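Listed below, chain by chain, are the residues.
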Amino acid sequence: MTKDTIKTRDLLPAALSIAGSDPSGGAGIQADIKTFTVIGVYCGAAITALTSQNTMGVSSYLPLPAAFVRRQVQEVLDDLNVTHIKIGMVGNGEIAAALGEVLSSFAGEVIYDPVIKSSSGTSLFGPGSRAITEHLLPRTTFLTPNIAELEILTGRECTDTATALNAAQALFALAPRLKAVCLKGGHMDEQNRTVTDYLTRPAAGDQGEKEAAGRIFPVHHPRVFTRNTHGTGCTFASAFTAYLMQTNDVRKSFSSACAFVDILLRKSAPQPVGHGAGPLLHHWFSPETGG
Ligand code: PLP
């Protein structure tokens, strides 16, 4: 079909999620689409890999051919008014390189949730993480790692908040377009009744504590003790992307995404879906009441 005469900028702004598929519906592209939809943002979905999994764990995955992943992304970018791209599981180095290439001419925001391992411990990117640093970090404007991913990407051990925030700072040297790191604290200090997530921006210079207070924005929330946490990382990054599209306010989007995951964790905690780590029940979120 030939293009009609509508200018791309006059089309509805859209997000594009680039991620793996979770057939049990809890994580990956399925979690992303549900998140964008309940928040009220249109999203496309380009699949990098198929996984075979259920709530008890990931048993295997099949990366798609890199050229085909690239083609999915290119065709969406050639048509839709994609302003924000959210990346999750990439699968392997060839796909990372293909994405790096196709995104080199994309000027919008790239929010990357660097999925390297599933919560059940299966590797979802291999071998090594060098291709992430080489091809994806240079394109990323917002990164949403958990502590384990931060340690792998920086090669630094994060034993407490200070070491984690220092490691997050080191990412800015690896990623020239990076505007902020959204550090998810759920796996830090797991016995603590409070979880703290941090939004951290690059240091402007060595201006001491005052400057640090301005660039580190913590969000505290009571820990929800539940095994139904499958897909929280994907959901957080998609919610942040959706709120950023709606508000263009980084701090507000960060706290709204933290609240979104928090509300869903609370609602989903008592309701088993499968026999293992259950998913978030996105369809129980009410946009009208924000809960
Ligand atoms: N993407 C896919 C396709 C997955 O299978 C998984 C985990 O199993 C993830 C992402 C990461 O999930 P989470 O949001 O729980 O970190």
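The sections below set out a description of the structure shown in this document. A quick note: this is a predicted structure, and the numbers were derived from the prediction, not measured.

A rise of 1.5 Å per residue sets the reference length of helix 6 (residues 161-174), with its 14 residues, at 20 Å; its end C-alpha atoms lie 21 Å apart and thus fit the reference within 8%. Here helix 6 has its buried residues at A164, L165, A167, A168, Q169, L171 and F172.

What follows is about the site of the ligand. In the vicinity of the ligand, 16 residues are found, and the nearest of them are Q53, S118, G231, G233 and C234. One of the backbone N or O atoms of C234 is found 2.9 Å from an oxygen atom in the ligand. For the ligand, whose free accessible area comes to 400 Å², the fraction covered by protein is 94%. A majority-of-atoms criterion places the ligand in the largest pocket. The set of elements that each furnish at least two residues to the shell around the ligand consists of strand 2 (43-54) and helix 8 (232-247). In terms of residue count, helix 8 provides more of the shell around the ligand than any other element does, three residues in total. Split into classes, the residues belonging to the shell around the ligand amount to six nonpolar, ten polar and no charged.

Further remarks concern the pattern of salt bridges. Within this structure, the stated rule accounts for seven salt bridges. Between K179 and E109 there is a salt bridge, with the nearest N and O atoms lying 2.6 Å from each other. With a gap of 70 residues between them, K179 in the loop between helix 6 and strand 9 (180-183) and E109 in strand 6 (residues 109-112) connect regions that are remote in the sequence. Residue K179 is classed as partly exposed on the basis of its relative accessible area, which comes to 39%. Overall, the relative accessible area of 15% leaves E109 in the buried class. Between E134 and R130 there is a salt bridge; the shortest N-O distance is 3.3 Å. Highlighted residues: E134 and R130, both in helix 4 (residues 130-136), separated by four residues, approximately one helical turn.

In this section: the packing of helix 2 (residues 66-79) against helix 3 (residues 93-102). Interaxial distance between helix 2 and helix 3 falls to 8 Å at its minimum, and their mutual angle equals 25°. With respect to each other, helix 2 and helix 3 are oriented roughly parallel. Crossing hand, helix 2 versus helix 3: right-handed. Only E94, I95, A98, L99, E101 and V102 of helix 3 make contact with helix 2, whose side of the interface consists of A66, V69, R70, V73, Q74 and L77. Within the contact of helix 2 with helix 3, the residues separate by chemical class into eight nonpolar, one polar and three charged.

Summed over all chains, the structure comprises five aromatic pairs. A centroid spacing of 6.4 Å and a plane angle of 75° characterise the contact between Y243 and F260, whose relative ring orientation is edge-to-face. Of this pair, Y243 sits in helix 8 while F260 sits in helix 9 (residues 250-268), and the two are 17 residues apart along the sequence. Residue F260 is classed as buried on the basis of its relative accessible area, which comes to 1%. By the ring-pair criterion, three or more aromatic residues cluster together here, those being F217, F236 and F254. In this arrangement the basic side chain of R251 is found over the ring face of F217, its NZ or CZ atom lying 4.4 Å from the centre.

Reading the values: rules and limits
- Residues numbered from 1 in each chain as written.
- Predicted model: local features only at pLDDT ≥ 70, side-chain atom pairs only at ≥ 80, totals over all residues.
- Heavy atoms only, no water.
- Helix = DSSP H or I, 4+ residues; strand = E, 2+ residues; numbered from the N terminus.
- Expected span 1.5 Å × (residues − 1).
- Buried < 20%, exposed > 50% of the residue type's maximum accessible area, 1.4 Å probe, protein only.
- Near = heavy atom within 4 Å.
- Polar contact = N/O pair within 3.5 Å; in protein donor to acceptor, adjacent residues only side chain to side chain.
- Areas by Shrake-Rupley, 256 points an atom, 1.4 Å probe, with all protein chains shown as cover.
- 1 Å grid on protein atoms, 1.4 Å probe; cavity = no way out; pocket = protein on both sides within 12 Å on 5 of 7 lines; lining within 4 Å.
- Sits in = over half its atoms within 2 Å of the grid points.
- Nonpolar A, V, L, I, M, F, W, Y, C, P; charged D, E, K, R; others polar.
- Salt bridge = Lys/Arg side-chain N within 4 Å of Asp/Glu carboxyl O.
- Axes fitted to C-alpha atoms, helices over the stretch in contact; angles between N-to-C directions.
- Parallel < 35°, antiparallel > 145°, perpendicular 65-115°, else oblique.
- Left-handed = near helix turned anticlockwise from the far one by under 90°.
- Contact = heavy atoms within 4.5 Å.
- Phe/Tyr/Trp six-rings, centres within 6.5 Å; stacked < 30°, edge-to-face > 60°.
- Lys NZ or Arg CZ within 6 Å of the ring centre and 35° of its normal.

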